[in-house]
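Structural overview
Here's the letter readout for the chains.
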Amino acid sequence: MSTLFGTSQLENFKASLDARSKASVASVIERITEIKKRGGKVMVVTGSGPNIHEGVTTLIAELIRVGIVDAVSTSSAVISHEMAGSLDRVFRVDAKALGMDMEKMPRGTSLSSPA
C-alpha cells in the first residue's frame, strides 16, 4: 500500500472504524464532493484547546491547499499559534456585526484590517 500523502495511514484508520462510523464518513465525503462539484464552498468551523494542535491544524491547512476546504473559522489563538505559517490570508471579523451573542464572545473589541 502506498504511503504517498498518508494513504496507508488513512486506510488503516478507515479499517479501524465500526460500520456506523464508516457510513458517516462515506456520507460526509459524498456531501462535500457534491457541494464542490456544484461550485460550492466548504468551511471548517473549529474551536481551540488541547484537541486542536499542530496535527489537526496542519491537516486543515493541507485540505485548504488541495482545494477541499475554502475557509476556516477558529480562535485567534489557533490562527496565531498553529496556522499562521500556512495560511495565505487571515481576517478578523466583528462578532457583533455577525449577530453573535456577545456574552459568549471573548473580551476585547479591536479589529484589524484584512491581511
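The structure this text deals with has already been given above.
**Structural notes on the pattern of salt bridges**
Side-chain pairs of opposite charge can arise whenever the charged atoms involved come near each other. This structure, assessed with the given rule, holds 3 salt bridges. With a closest N to O distance of 3.9 Å, Lys37 and Glu34 form a salt bridge. Here Lys37 and its partner Glu34 are both found in helix α2 (residues 19–37), 3 residues apart, which amounts to about one turn of the helix. We classify Glu34 as partly exposed; its relative accessible area is 37%. Between Arg65 and Glu62 there is a salt bridge, with the nearest N and O atoms lying 2.8 Å from each other. Here the residue Arg65 and the residue Glu62 both occupy positions in helix α3 (residues 54–65), the gap between them amounting to 3 residues, near one helical turn.

**Description of a nonpolar patch on the surface**
Together, Val93, Leu98 and Met100 line one region of the surface with nonpolar side chains, adding up to about 310 Å² of accessible area. Position of Met100 among the secondary structure elements: in the segment after α4 (76–83). Look at Met100 and you get partly exposed, because its relative accessible area is 43%.

**Some remarks on α2**
Look at α2: 27 Å from first C-alpha to last across 19 residues, which is about the 27 Å you get at 1.5 Å a residue. Between the side-chain oxygen of the N-cap and the backbone nitrogen of Arg20 there are 3.2 Å, and the N-cap of α2 in question is Asp18. Count one or two residues on from α2 and you reach Gly39, which has phi positive near 85°.

**Examining the environment of Gly67**
Looking at the secondary structure, you find Gly67 in the loop between α3 and β2 (71–73). A residue is classified by how much of its surface remains accessible, and Gly67, at 35% relative accessible area, is partly exposed. Remark: the alpha-carbon pair of Gly67 and Lys36, spanning 31 residues in sequence, is separated by 9.1 Å.

The rules behind each value
- Residues numbered from 1 in each chain as written.
- Predicted model: local features only at pLDDT ≥ 70, side-chain atom pairs only at ≥ 80, totals over all residues.
- Heavy atoms only, no water.
- Salt bridge = Lys/Arg side-chain N within 4 Å of Asp/Glu carboxyl O.
- Helix = DSSP H or I, 4+ residues; strand = E, 2+ residues; numbered from the N terminus.
- Buried < 20%, exposed > 50% of the residue type's maximum accessible area, 1.4 Å probe, protein only.
- Patch = residues over 30% accessible without salt bridge, like charges linked within 9 Å, V, L, I, M, F, W, Y side chains within 5 Å.
- Areas by Shrake-Rupley, 256 points an atom, 1.4 Å probe, with all protein chains shown as cover.
- Expected span 1.5 Å × (residues − 1).
- Polar contact = N/O pair within 3.5 Å; in protein donor to acceptor, adjacent residues only side chain to side chain.

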